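Chain by chain, the residues run as shown.
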Amino acid sequence: MFKKLLLRLTKSVPEGHKYYSGIYHGGDAEYFYIPSVGNHIFDGEFSFRMKLGGGMYREAKGSFVNNRKEGPWQFTKKGRDSFRDLKVNFRNGEIEGNLHYTCEEETIGGIVMQGIDLTVDDGKIKGELLGVYAGAEFKGFCDEDGYPDGTWTMTSKNDGGSTSVEKEVWDHGTLMSSYEESNEWRNKLEVNNRFRERINYLLEEDVQHLLKIVGRGTQNTFLHIYKK
C-alpha cells in the first residue's frame, strides 16, 4: 500500500489507468493497466523479476501499448554458471529493429562468450549480422528478402597465435562454397561450416527462451534465417 501511495506521489498514474505491484506468474511485477471486465489491458511501463534462489533470477522490463509490447525491452536470466541478456525492440507486439543478444558461460576452461547483433525489418533479418560464437568472431549479411548473401566469416585465434577464418559464400539464399583459410597454409580447405544453422540455433533456442520470460503482448517472435 505504501509503495502504491509513493508512486502516486512521485509519478502520476495516467488517466483511466491503474497501477499494480505484486505477484505475477511466479515472480513480482509492477505495471500500469486499463481496467477491463475479467482482464487487465497492460498499457505503460512494465517490470518483472523472478528469484530462483542461489543468486539466480529472471527479469524483464519494457512497455506495453494496448496489451502489446512496444519499444525497447530487456530480458535477463542469471543461472548458476551463466548470464544471458537480450535487448530487443518491438512494434505493435512484433520484433522490429535492433536485436542484441549476449551470453556468458563459466566453464572449466574459462568464460565462453556467445552473442549476436542483427536488425529485423518486416519480420525478416536484414543487413549486417555481427556476433561471437564459441569464442569466434562472426560476420554475415542478409539481403532485403532475408536471405544470406555475400561472404560470411567466422574468425578464430588458435593456440600459438595463429588465425583461421571459416568462410561461406552466399548468393541470395544459395550457398556457393564453404571453406577455411589459415595464416599457416596458403590453400583453401573445403569444409562444411554451417554458419546459418549455428545462428538459427541461438535465435530459436536462447533468444526464444528469454522472450518467454514474459510472453504476454507478443504477436510473433519466431526469427529464422532461411535459404533457397
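Residues numbered from 1 in each chain as written. Predicted model: local features only at pLDDT ≥ 70, side-chain atom pairs only at ≥ 80, totals over all residues. Heavy atoms only, no water.

Caption draft 1: Up close: unusual backbone geometry. Phi is positive for asparagine 66, which is not a glycine, with a value near 55°. Judged by its relative accessible area of 52%, asparagine 66 falls in the exposed class. With a phi angle near 45°, histidine 172 is a residue other than glycine that sits in the positive phi range. Structurally, histidine 172 can be placed in the loop between strand 12 (163-171) and strand 13 (174-182). Residue classification places histidine 172 among the partly exposed positions, given a relative accessible area of 35%. (Buried < 20%, exposed > 50% of the residue type's maximum accessible area, 1.4 Å probe, protein only. Helix = DSSP H or I, 4+ residues; strand = E, 2+ residues; numbered from the N terminus.)

Caption draft 2: Region of interest: helix 2 (residues 195-211). Taking 1.5 Å of rise per residue, the 17 residues of helix 2 would be expected to cover 24 Å, and the 23 Å separating its terminal C-alpha atoms lies within 8% of that figure. Here helix 2 has its buried residues at Phe195, Arg196, Ile199, Asn200, Leu202, Leu203, Asp206, Val207, Gln208, Leu210 and Leu211. (Expected span 1.5 Å × (residues − 1).)

Caption draft 3: Layout of the pairing of strand 11 (residues 150-157). Alignment of strand 10 (residues 136-142) against strand 11, held across 3 bridges, turns out to be antiparallel. Bridge pairing in strand 11 places phenylalanine 138 opposite methionine 154. As defined by bridge partners, strand 11 adjoins strand 12 across 8 bridges and the pair is classed as antiparallel. Its bridge partner lying in strand 12, serine 156 is registered against serine 164. (Pairing = 2+ DSSP bridges.)

Caption draft 4: Quick look at the packing of aromatic side chains. Counted according to the given criterion, the structure contains 19 aromatic pairs. With centroids separated by 6.0 Å and ring planes inclined at 75°, the aromatic side chains of tyrosine 24 and phenylalanine 48 adopt a geometry described as edge-to-face. You can see tyrosine 24 sitting in strand 1 (residues 18-24) and its partner phenylalanine 48 sitting in strand 3 (residues 39-53), a full 24 residues away along the chain. As far as the burial class goes, tyrosine 24 and phenylalanine 48 line up, both buried. The interplanar angle of 15° and the centroid separation of 5.7 Å between the aromatic rings of tryptophan 73 and phenylalanine 75 together place this pair among those described as stacked. A relative accessible area of 0% places phenylalanine 75 in the buried class. Cluster of aromatic residues (ring-pair linked, three or more members): Tyr20, Tyr24, Tyr31, Tyr33, Phe42, Phe46, Phe48, Phe64, Trp73, Phe75 and Phe90. Its guanidinium or amino end placed over the ring of tyrosine 57, arginine 49 lies 4.2 Å from that ring's centre, counting from NZ or CZ. Sitting over the ring of tryptophan 73, lysine 69 keeps its end group 5.2 Å from the ring centre. (Phe/Tyr/Trp six-rings, centres within 6.5 Å; stacked < 30°, edge-to-face > 60°. Lys NZ or Arg CZ within 6 Å of the ring centre and 35° of its normal.)

Caption draft 5: Layout of the environment of threonine 107. The topology assignment puts threonine 107 in strand 7 (residues 94-107). Taking the C-alpha atoms as reference, threonine 107 lies 9.3 Å from serine 82; in sequence the two are 25 residues apart.

Caption draft 6: Main features of the pattern of salt bridges. Considering all chains together, one arrives at 11 salt bridges under this definition. Across the pair arginine 49 and glutamate 59 runs a salt bridge whose closest N-O atoms are separated by 2.0 Å. Placement of arginine 49 in strand 3 and of glutamate 59 in strand 4 (residues 56-65) is noted, with a sequence separation of 10 residues between them. Here arginine 49 falls in the partly exposed class, since its relative accessible area comes to 33%. Given a relative accessible area of 26%, glutamate 59 falls into the partly exposed group. Close ionic contact of arginine 198 with glutamate 166 constitutes a salt bridge, the shortest N to O distance being 3.7 Å. Pair noted here: arginine 198 is in helix 2 and glutamate 166 is in strand 12, with a separation of 32 residues, a long-range link. Note on glutamate 166: relative accessible area 16%, which makes it buried. Salt bridges sharing partners connect three or more residues here, namely Arg84, Glu105 and Asp206. (Salt bridge = Lys/Arg side-chain N within 4 Å of Asp/Glu carboxyl O.)

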